[in-house]
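In case you want the letters, here they are:
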Amino acid sequence: MTVLVDTAALDGHLRSLGVPVAGPLTAELVAGGRSNLTYRLSDGVHRWVFRRPPAAGQTASAHDVAREARVTGALQKTDVPVPPVISLCEDLAVIGAPFTITTWIDGEVIRERSELDRVGDEDLRRATASMIDVLATLHEVDPYAVGLTDFGRPQGFVERQVALWRRQWEQVKTRELADLERLHSLLEQRLPISTETAVLHGDFRIDNLILDPLDPARVLAVLDWELSTLGEPRTDVALMCAYRNPALDAVLGIPAAWASPRLASAQDMASAYVDRSGRDLGDWGFYLGLAHLKLAVIAEGIAYRAMAGADAGRNARAAADAVPELVASGLACVTG
């Protein structure tokens, strides 16, 4: 299903905010995200980023543009680089869906492995180190000091995550999968005691960053915050590492840069995070297993939305092919 952008309505909305619009707006779908839809808005002089939920197959939390706007607004005051928010509009009368408009940031987003070819090995090593530094910096933010006291419920977070992704599976599954049920059951039986709380990104990998094209080790902005919340920081680290699974290609529908063998291994990235943050990995097998469950459900959701008519392109239905492999990897983490 093609989502048409009502540029006339967006023009009126920007003008109502006092934002100068130099000419007719155009909207171009930006390659990348398969959750919230991302467009480049332009009036021929200025550029902005417009984000809205998909037209079909929405889950309860994965497309919450309001949460995204709130957390990025709060993080403006910190050392975590985020794009400035121009508007969060929750009035459905404007375009029929909630949406955000943010400042356009000139930089480079590396999505495909071929785009890594222009980055030398040393710059790539430095870029990865900078990414991990940004993630650790995020986890150092005091949520209460930046106005995110009620942004999540950190008590019982891990237990709720195990239950949440099982419920999300029920919403988006396209078939029965006994191994996923087994993985969920094992995670339920192995819940760790978690006492730490941090602001989580929830989707941290290289293609959700804008890098400085003159210095790839400089992160200009962290993008795609719709899964952000307050919770156990090790879940963020584990998901970053789980994304290194080769099945990410099928999930994203491209030869994913973050799955490139040129990057450090998942274990080396986790160790680098420990060194930078001073935080141990806890029950790492559990956190990796949970991360693979989450990614498997996300992949199934992509395929489900495609079958519902909201195909984001790049053979989105094939994302379902990654699910058994991700579940198997999760089982290996929990039982290994």
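Remember, predicted model here, so these are calculated numbers, not experimental data.

**Student:** Now, about the side chain of N208: what can you tell me, with residues and values included?
**Tutor:** When you line up the elements, N208 lands in the loop between β6 (198–200) and β7 (209–212). N208 sits in the buried class, given a relative accessible area of 2%. Among the polar contacts made by the side chain of N208, one reaches the main-chain carbonyl oxygen of D203 at a distance of 2.7 Å. Contact partners of N208, with chain neighbours within four places excluded, come to H201, D203, A221, V222, L223 and D224.

**Student:** Describe the packing of helix α7 (residues 233–242) against helix α9 (residues 266–277), with residues and values.
**Tutor:** Pairs of packed helices are described in terms of their axes, by the angle between the two and the distance that separates them. Following both chains from N to C, one finds α7 and α9 inclined at 150 degrees, their axes separated by 9 Å at the closest point. On the basis of their axis angle, the class for α7 and α9 is roughly antiparallel. Between α7 and α9 lies a crossing whose hand is right-handed. Contact residues: α7 offers P233, V237, M240 and C241, while α9 offers A266, M269, A270 and Y273.

**Student:** Any chance you could break down the packing of helix α6 (residues 178–189) against helix α11 (residues 322–335) for me, citing the residues and the numbers?
**Tutor:** Relative to each other, α6 and α11 sit at 30 degrees, their axes nearing to 9 Å. Looking at the two axes, α6 sits roughly parallel to α11. As α6 runs across α11, the sense of the crossing is left-handed. Between α6, through D179, L180, R182, L183, L186 and L187, and α11, the contact on the second element is made entirely by V327, G330, L331, V334 and T335. When its residues are assigned to classes, the contact of α6 with α11 shows 7 nonpolar, 2 polar and 2 charged.

Parameters at a glance
Residues numbered from 1 in each chain as written. Predicted model: local features only at pLDDT ≥ 70, side-chain atom pairs only at ≥ 80, totals over all residues. Heavy atoms only, no water. Helix = DSSP H or I, 4+ residues; strand = E, 2+ residues; numbered from the N terminus. Buried < 20%, exposed > 50% of the residue type's maximum accessible area, 1.4 Å probe, protein only. Polar contact = N/O pair within 3.5 Å; in protein donor to acceptor, adjacent residues only side chain to side chain. Contact = heavy atoms within 4.5 Å. Axes fitted to C-alpha atoms, helices over the stretch in contact; angles between N-to-C directions. Parallel < 35°, antiparallel > 145°, perpendicular 65-115°, else oblique. Left-handed = near helix turned anticlockwise from the far one by under 90°. Nonpolar A, V, L, I, M, F, W, Y, C, P; charged D, E, K, R; others polar.

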